[in-house]
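# Coordinate inspection notes
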Amino acid sequence: MAKKMTAEDKNGMIAANVNSFTKKKPAEECEKSGDNCSTKSRREKAHQAGMEKGGRTMTREEAHTILMKYMEGENYILHSYAVEAIMRGLAKRLDPDSVEKWGIAGLLHDLDEEQCDWRNDMKVHGPTSVEILKKEGVEDQELFDAICAHNPKCGVKAKTPIQYALLAADPMSGFVKAVAQIYPDKKIASVKPKSVLKRFNEMRFAAGANRDYMEAIEFTGLRLEDLVDVALEEMGAISDTLGL
């Protein structure tokens with residue numbers, strides 16, 4: 001059972017997470033990359049992207065606010081952060097122009113975790129998240145489809161890179177955490193890719209982690225080894241937030 005967070009815990013986690021994902025680029029870095037780092041520019045780009053797709057595009061900050069509104073269990077929230085991190089890393093390789101969108105899909109993939117009786121009916125896990133997002137004024141079919149496709153039992157099968165990535169990133173986040181837990185220091189920094197791959201082939205280890213879903217990353221053109229590398233790098237980058 002996920003630990004229920006106090007208001008103080010939640011505020012601390014919000015602050016730590018915002019620091020992890022929303023650091024501003026130094027001016028000189030923006031100039032080198034050619035990016036316009038102004039808040040106005042980013043908002044205009046997000047709005048334009050939303051208009052092109054016929055719906056409203058969320059910012060990461062908005063998505064995080066929605067997450068904290070509907071989720072209280074600390075373990076669920078940390079899992080959401082981990083999947084977000086992996087999705088952002090995968091997007092850097094597969095769809096560099098959509099890092100924010102892929103990250104949001106990871107952040108909100110389990111939004112309905114505490115809002116529906118998925119333990120007795122897995123078909124509601126995913127569609128309920130979509131209902132919540134629509135209630136919050138979000139209209140983004142690509143995001144909706146990715147969230148639903150991470151749970152094939154709801155009837156939506158992965159077909160696109162973002163959908164296969166989320167299907168794979170979800171169990172990989174927990175699997176990497178399970179590997180870290182067997183090390184004396186329980187730190188992700190101690191985990192080597194070969195250790196993750198070795199445990200992957202030990203079917204009794206973290207038996208609940210769906211190997212088929214993790215291997216679905218190959219439908220994006222990446223290998224399982226690539227997914228492991230991304231997971232270790234991106235989860236490692238927010239290890240303080242994750243407590244790993």
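Keep in mind that what you see is a predicted model, and the values were worked out from it rather than measured.

### Topic: the nonpolar core
- In terms of nonpolar packing, the biggest core is built from 64 residues, with Leu90, Leu108, Leu133 and Met172 touching the most fellow members.
- Residues in contact with Leu90, not counting those within four places in the same chain, are Asp95, Trp102, Ala165, Ala169, Ile217, Leu222, Leu227 and Val230.
- With 5 residues, the next largest nonpolar core counts Ala149, Ala158, Leu167 and Ala216 among its residues.

### With respect to the pattern of salt bridges
- Overall, the coordinates contain 10 salt bridges when judged by the stated rule.
- Between Asp226 and Arg93 there is a salt bridge whose closest N-O contact spans 3.6 Å. Taken together, the residues span a long stretch of sequence, with Asp226 in helix α12 (residues 224–237) and Arg93 in helix α5 (residues 74–94) at a distance of 133 residues.
- Judged by its relative accessible area of 43%, Arg93 falls in the partly exposed class.
- Ionic pairing is found between Glu202 and Arg199, a salt bridge with its closest N-O pair at 3.0 Å.
- Overall, Glu202 belongs to the partly exposed group, its relative accessible area being 27%.
- Three or more residues are tied together by salt bridges with common partners; here these are Arg93, Arg223 and Asp226.

### Quick word on the packing of aromatic side chains
- Summed over all chains, the structure comprises 3 aromatic pairs.
- Considering the side-chain rings of Phe175 and Phe200, the 6.1 Å spacing of their centres and the 75° angle between planes classify their relative orientation as edge-to-face. Taken together, the positions of Phe175 in helix α9 (residues 161–181) and Phe200 in helix α10 (residues 193–200) put the pair 25 residues apart, joining distant regions of the chain.
- Phe175 sits in the buried class, given a relative accessible area of 0%.
- On the basis of relative accessible area, Phe200 is assigned to the buried category, the value being 5%.
- Ring centres of Phe175 and Phe205 lie 5.6 Å apart, and the angle between their planes is 85°; this geometry places the pair in the edge-to-face category. Taken together, the residues span a long stretch of sequence, with Phe175 in helix α9 and Phe205 in the loop between α10 and α11 (211–215) at a distance of 30 residues. Side by side, Phe175 and Phe205 carry an identical accessibility label, which is buried.

### Here's the deal with α10
- Three or more residues of α10 are buried, namely Ser195, Val196 and Phe200. Across the axial projection of α10, the buried residues extend over an arc of 140°, all falling on one side. Turned more than 90 degrees from where α10 packs its buried face, Lys194 and Lys198 sit exposed.
- Of the surrounding elements, those touching the buried residues of α10 are α9, α11 and α12.

### What to know about the packing of helix α7 (residues 127–135) against helix α8 (residues 141–149)
- Remark: α7 packs on α8, axes separated minimally by 8 Å, with the N-to-C direction vectors making an angle of 155°. The angle between the axes of α7 and α8 places the two elements in the roughly antiparallel class. Between α7 and α8 lies a crossing of right-handed hand. Mapping the contact onto sequence places Pro127, Ser129, Val130, Leu133 and Lys134 in α7 and Leu143, Phe144, Ile147 and Cys148 in α8.
- Partitioned by chemical class, the residues of the contact of α7 with α8 number 7 nonpolar, 1 polar and 1 charged.

### Remarks on a negative patch on the surface
- A surface patch of like charges, here negative, comprises Asp212, Glu215, Glu218, Glu225, Asp229 and Glu233.
- Of all the elements in the fold, those that place two or more residues in the negative patch are α11 and α12.
- Per element, the largest residue contribution to the negative patch is 3 residues, and it comes from α12.
- Among the structural elements, Glu215 can be located in helix α11.

### Some points on the side chain of Ser80
- Mapping Ser80 onto the fold places it in helix α5.
- A residue is classified by how much of its surface remains accessible, and Ser80, at 0% relative accessible area, is buried.

Scoring rules and cut-offs
Starting from 1, residues in each chain are numbered consecutively following that chain's sequence as written. Per-residue local features are limited, in this predicted model, to residues with pLDDT of at least 70; the limit for side-chain atom pairs, both in listing and counting, is 80 or more; totals at the level of whole chains, interfaces and linings are taken over all residues. Note: side-chain values were computed over all heavy atoms of the structure, leaving out hydrogens and water. Residue types Ala, Val, Leu, Ile, Met, Phe, Trp, Tyr and Cys, when buried and joined through side-chain atoms within 4.5 Å, form a set referred to as a nonpolar core. Buried residues are those whose accessible area, probed at 1.4 Å on protein chains only, stays under 20% of the maximum for their type, while exposed residues exceed 50% and partly exposed ones sit between those limits. In what follows, a contact means two residues having at least one pair of non-hydrogen atoms within 4.5 Å. Any carboxyl oxygen of Asp or Glu that lies within 4 Å of a side-chain nitrogen of Lys or Arg is treated as forming a salt bridge with it. The way it works is that DSSP assigns letters per residue, a run of H or I at least four long becomes a helix, a run of E at least two long becomes a strand, and they are numbered from the N terminus. By convention, a stacked pair of Phe, Tyr or Trp rings (six-membered ring in the case of Trp) has centres within 6.5 Å and planes under 30 degrees apart, an edge-to-face pair has planes over 60 apart, and any other such pair is tilted. Picture the helix axis, draw a direction to every C-beta atom, and the arc is the one those directions span. Every angle, taken between N-to-C directions, lies between 0 and 180 degrees, and every axis is a line fitted to C-alpha atoms, over only the stretch in contact when it is a helix. Each angle receives one of four descriptions, namely roughly parallel if under 35 degrees, roughly antiparallel if over 145, roughly perpendicular if within 65 to 115, and oblique otherwise. Here a crossing is taken to be left-handed if its near helix is turned anticlockwise relative to the far helix by less than a right angle, and right-handed if that turn runs clockwise. When residues are sorted by character, Ala, Val, Leu, Ile, Met, Phe, Trp, Tyr, Cys and Pro go into the nonpolar class, Asp, Glu, Lys and Arg into the charged class, and all the rest, Gly among them, into the polar class. Here a patch means residues that are over 30% exposed by relative accessible area and free of salt bridges, tied together within 9 Å if like-charged and within 5 Å if nonpolar (Val, Leu, Ile, Met, Phe, Trp, Tyr). For every accessible area listed, the method is Shrake-Rupley and the probe measures 1.4 Å; residues are considered covered only by the protein chains on display. Only four residue types enter the tally: Lys and Arg on the positive side, Asp and Glu on the negative side; His and the chain ends are excluded. By convention, charge coordinates are those of NZ in Lys, CZ in Arg, CG in Asp, or CD in Glu.

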